[in-house]
Amino acid sequence: MPSCIPGQGHRGGIDPIMMALADSYDFVIIGGGTSGLVVASRLTEDPNVTVLVLEAGADRLSDSRITTPGLALTTWDHPDFDWQFMTTPQVRSLMAYQLYSCVD
């Protein structure tokens with residue numbers, strides 16, 4: 001469990017990510033998905049702009065399932081990596097038109 005003391009890691013050591021955080025930012029982007037990272041990338045084209053991107057979830061920077069490209073598929077549908085949020089089936093979605101496919 002993360003510590004409430006800035007710069008302290010969960011094992012009592014110095015957390016390099018916490019130590020690298022600034023006191024303030026020009027922009028804070030909530031969500032490190034494709035859109036959030038594109039916005040952050042564009043904003044930081046100006047070297048005078050500081051941007052913080054916040055993403056939910058645990059720190060997985062040292063997890064081999066993230067750092068090893070061949071293991072990326074092991075994260076799919078895994079509750080540690082996937083929110084497993086299901087939506088209501090949509091009547092007009094592409095999958096709804098499977099019955100009308102041209103392929104036999």
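In what follows, the accompanying structure is described. (Residues numbered from 1 in each chain as written. Predicted model: local features only at pLDDT ≥ 70, side-chain atom pairs only at ≥ 80, totals over all residues. Heavy atoms only, no water.)

1. Considering the overall build of the chain
Working step 1: Summing up its helical and strand segments, the chain has 3 helices and 2 strands in all.
Working step 2: Taken from the N to the C terminus, the helices and strands of the chain come in the order α-β-α-β-α.
Working step 3: By residue count, 11% of the 104 residues in the chain fall in the buried class.
Working step 4: Counted over contacts in the chain with a minimum sequence separation of 6, partners at least 24 positions apart contribute 24%. (Helix = DSSP H or I, 4+ residues; strand = E, 2+ residues; numbered from the N terminus. Buried < 20%, exposed > 50% of the residue type's maximum accessible area, 1.4 Å probe, protein only. Contact = heavy atoms within 4.5 Å.)

2. Thoughts on the pattern of salt bridges
Working step 1: Within this structure, the stated rule accounts for 3 salt bridges.
Working step 2: With its nearest N and O atoms 3.6 Å apart, the salt bridge here joins Glu-45 to Arg-42.
Working step 3: With relative accessibility at 56%, the residue Glu-45 sits in the exposed group.
Working step 4: The class for Arg-42 is exposed, based on a relative accessible area of 57%.
Working step 5: Overlapping salt bridges bring together Arg-60, Asp-63 and Arg-65 as one network. (Salt bridge = Lys/Arg side-chain N within 4 Å of Asp/Glu carboxyl O.)

3. Looking at the packing of aromatic side chains
Working step 1: Scanning the model with the defined rule gives 0 aromatic pairs in all.
Working step 2: Over the face of the ring belonging to Phe-81 we find Arg-60, whose NZ or CZ atom lies 4.8 Å from the ring centre. (Phe/Tyr/Trp six-rings, centres within 6.5 Å; stacked < 30°, edge-to-face > 60°. Lys NZ or Arg CZ within 6 Å of the ring centre and 35° of its normal.)

4. Here's the deal with the environment of Asp-82
Working step 1: With respect to the element layout, Asp-82 can be found in the segment after α3 (64–67).
Working step 2: Exposure remark for Asp-82: the relative accessible area of 31% places this residue in the partly exposed category.
Working step 3: Taking the C-alpha atoms as reference points, Asp-82 and Gly-57, separated by 25 residues in sequence, lie 9.6 Å from one another.
Working step 4: In this structure Asp-82 touches Thr-75 and Asp-77, once residues within four positions along its chain are discounted.

5. Here's the deal with unusual backbone geometry
Working step 1: Despite not being glycine, Asp-77 shows a phi value in the positive range, around 60°.
Working step 2: Looking at the secondary structure, you find Asp-77 in the segment after α3.
Working step 3: On the basis of relative accessibility, which here comes to 58%, the residue Asp-77 falls in the exposed class.

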